[in-house]
Amino acid sequence: LGIVNNEIKYKAEIRKDYGDTPPVKCSSLRLGQVFINLFVNAAQAIEDKGIIGIKTYAKNNEVYVAISDTGKGIAPENINQIFDPFFTTKPIGQGTGLGLSVSYEIVKNHGGMIMVDSKVGAGTTFTVMLPSHSAVNLHPN
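The structure presented is a predicted model; accordingly, all values stated were derived computationally and were not measured.

> Give me the lowdown on the confidence of the model for the protein, citing residues and values where you can.
In this model, the protein carries an average pLDDT of 88, and 89% of its residues clear a pLDDT of 70 or more. Per-element averaging of pLDDT across the protein places helix α1 (residues 5-8) at the bottom with 87 and strand β3 (residues 62-69) at the top with 97.

What follows is the structure in structure tokens.
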């Protein structure tokens, strides 16, 4: 959040709901890149002033981080393409179409997944699921 503060501070109020979560075995730099992409996209989806929510929770040996926004949402015809490299709905010069593609690969390489729920005119939630540290076998036979 500190890195993207300038992108967000005039566009959105941040609402945090941090639940108890177990440790996650990960590259914090790589996952940081994922969350930066999700925060910047959330801020850019908000046209005037809105809310970006961050919720963390654990369920079934998995840790979840949900980033939601009250932005314009993603059109249904685009939802299946958003993780494709170079796909963007942003105007020319405002996006490369690589942020979500790179984020998807980083999360996948951590044994997790990214899910999306969006409604046009109401906003979008990206949920990152990662296996908890306790679910990862650090010493396989």
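> Help me get a handle on the side chain of Ser-103, residues and values and all.
Tracing the sequence through the fold places Ser-103 in helix α3 (residues 99-109). The class of Ser-103 is buried, set by a relative accessible area of 0%. Within polar-contact distance, the side chain of Ser-103 engages the side chain of Asn-37 at 3.0 Å. Apart from the residues lying within four places of it in its own chain, the contact partners of Ser-103 are Val-34, Asn-37 and Ile-114.

> Give a description of the pattern of salt bridges that names residues and reports values.
Taken as a whole and judged by the stated rule, the model has two salt bridges. In this structure, the salt-bridge partner of Glu-105 is Lys-108, at a minimum N-O distance of 3.9 Å. Separated by three residues within a single helix, Glu-105 and Lys-108 lie in helix α3, roughly one turn from each other. Overall, Lys-108 belongs to the partly exposed group, its relative accessible area being 45%.

> Describe in detail the packing of aromatic side chains, supporting the description with residues and values.
Any two aromatic rings considered together are summarised by their centre-to-centre distance and by the angle between their planes. Here the structure, examined in full by the defined rule, presents three aromatic pairs. Considering the side-chain rings of Tyr-57 and Tyr-64, the 4.9 Å spacing of their centres and the 5° angle between planes classify their relative orientation as stacked. Taking relative accessible area as the criterion, Tyr-57 reaches 27% and is therefore assigned partly exposed. When the ring of Phe-83 is compared with that of Tyr-104, the centres are 5.2 Å apart and the planes differ by 40°; the resulting orientation is tilted. Of this pair, Phe-83 sits in the loop between β3 and α3 while Tyr-104 sits in helix α3; the two residues are 21 residues apart in sequence, bridging distant segments of the chain. Judged by its relative accessible area of 19%, Phe-83 is buried. An aromatic cluster of three or more residues is present, and its members are Phe-83, Tyr-104 and Phe-126. Above the ring of Tyr-57, the side-chain terminus of Lys-55 is found at 5.6 Å from the ring centroid. The ring of Tyr-64 has Lys-59 sitting right over it, with the charged end atom 5.7 Å from the ring centre.

> Any details on the environment of Met-113? Residues and values, ideally.
Relative to the elements of secondary structure, Met-113 occurs in strand β4 (residues 113-119). Residues Met-113 and Ser-103, ten residues apart in the sequence, show an inter-C-alpha distance of 9.7 Å. Those residues in contact with Met-113, other than ones at most four positions away along the chain, are Val-107, Thr-127, Val-128 and Met-129.

How each quantity is defined
- Residues numbered from 1 in each chain as written.
- Predicted model: local features only at pLDDT ≥ 70, side-chain atom pairs only at ≥ 80, totals over all residues.
- Heavy atoms only, no water.
- pLDDT = per-residue confidence, 0-100.
- Helix = DSSP H or I, 4+ residues; strand = E, 2+ residues; numbered from the N terminus.
- Buried < 20%, exposed > 50% of the residue type's maximum accessible area, 1.4 Å probe, protein only.
- Polar contact = N/O pair within 3.5 Å; in protein donor to acceptor, adjacent residues only side chain to side chain.
- Contact = heavy atoms within 4.5 Å.
- Salt bridge = Lys/Arg side-chain N within 4 Å of Asp/Glu carboxyl O.
- Phe/Tyr/Trp six-rings, centres within 6.5 Å; stacked < 30°, edge-to-face > 60°.
- Lys NZ or Arg CZ within 6 Å of the ring centre and 35° of its normal.

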